[in-house]
Amino acid sequence: MWRDTSNKHPDRFCLSGGSSSKLKPVKIVFDAQTGLLVQLGSTEFQDYRECDGIKRPFVFVSLTEGKVTFSEIQHNQPIPAGVFEGQPDGAAQSASSLNDSPPGSL
């Protein structure tokens, strides 16, 4: 772990590593004040807001995939019937059973 001492981001802590010699190391960056994830590999996480008591990034910026912005995030919302129609056998069954599971049971 190291602190980014460049003029660009002196308020960040960085980690880098891989689980195997076959894998390229991944850079993980956290904000030093908040502890929030700022970067994972080539994806940056921005605009953290509290959602049901949890800080969530509302903007994801990927060097390869572009930018995704959420206007709203909701947790534990029911999945409407028919959403998974036409999916491989078991996909609709598995998704609908998630709604019946108690929180934290997965």
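Residues numbered from 1 in each chain as written. Predicted model: local features only at pLDDT ≥ 70, side-chain atom pairs only at ≥ 80, totals over all residues. Heavy atoms only, no water.

Observations regarding unusual backbone geometry
The backbone of Asp52 shows a phi angle near 55 degrees, a positive value even though the residue is not glycine. Locating Asp52 in the fold gives a position in the loop between strand 5 (43–51) and strand 6 (54–62). (Helix = DSSP H or I, 4+ residues; strand = E, 2+ residues; numbered from the N terminus.)

A look at the confidence of the model for the chain
In this model, the chain carries an average pLDDT of 79, and 69% of its residues clear a pLDDT of 70 or more. The least confident element of the chain is strand 1 (residues 2–3), whose mean pLDDT is 50; the most confident is strand 6, at 96. (pLDDT = per-residue confidence, 0-100.)

Considering the pattern of salt bridges
Enumeration according to the criterion identifies 1 salt bridge in this entry. Across the pair Asp47 and Arg49 runs a salt bridge, and its minimum N-O distance is 2.7 Å. (Salt bridge = Lys/Arg side-chain N within 4 Å of Asp/Glu carboxyl O.)

As for the packing of aromatic side chains
Enumeration according to the criterion identifies 2 aromatic pairs in this entry. Centroid distance Phe45 to Phe60: 5.2 Å. Interplanar angle 80 degrees. Geometry classified as edge-to-face. With Phe45 in strand 5 and Phe60 in strand 6, this residue pair connects regions lying 15 residues apart in the sequence. Aromatic pair Phe60 and Phe70: ring centres 5.7 Å apart, planes at 80 degrees, arrangement edge-to-face. Of this pair, Phe60 sits in strand 6 while Phe70 sits in the loop between strand 7 (66–69) and helix 1 (91–100), placing them 10 residues apart in sequence. One aromatic cluster is present, formed by Phe45, Phe60 and Phe70 through successive ring pairs. Seen from the ring of Phe58, Arg49 lies directly overhead, with NZ or CZ sitting 4.2 Å from the centre. (Phe/Tyr/Trp six-rings, centres within 6.5 Å; stacked < 30°, edge-to-face > 60°. Lys NZ or Arg CZ within 6 Å of the ring centre and 35° of its normal.)

A short note on the side chain of Asp31
Position of Asp31 among the secondary structure elements: in strand 3 (residues 26–31). Judged by relative accessible area, Asp31 falls into the buried class, the value being 18%. Those residues in contact with Asp31 that lie beyond four places of it in its chain are Asp11, Leu36 and Val38. (Buried < 20%, exposed > 50% of the residue type's maximum accessible area, 1.4 Å probe, protein only. Contact = heavy atoms within 4.5 Å.)

Digging into the pairing of strand 4 (residues 37–40)
Direction of pairing for strand 3 relative to strand 4: antiparallel, over a ladder of 3 bridges. Opposite Val29, over in strand 4, you have Gln39 as the bridge partner. As consecutive antiparallel partners, strand 3 and strand 4 are separated by 5 residues, and within that stretch Gly35 has a phi angle of approximately 80 degrees, a positive value. One ladder, built from 2 bridges, connects strand 4 with strand 5; its direction is antiparallel. Each residue of the ladder has a partner; that of Gln39, found in strand 5, is Glu44. Taken together, strand 4 and the strand that follows it, strand 5, pair antiparallel across an intervening segment of 2 residues, in which Gly41 is found at a positive phi of about 60 degrees. (Pairing = 2+ DSSP bridges.)

Some points on the environment of Glu44
In this fold, Glu44 is placed in strand 5. Residues Glu44 and Val29 lie 15 residues apart in sequence; the distance between their C-alpha atoms is 9.0 Å. Ignoring sequence-local partners within four residues, the contact set of Glu44 consists of Val38, Gln39, Val59, Phe60 and Val61.

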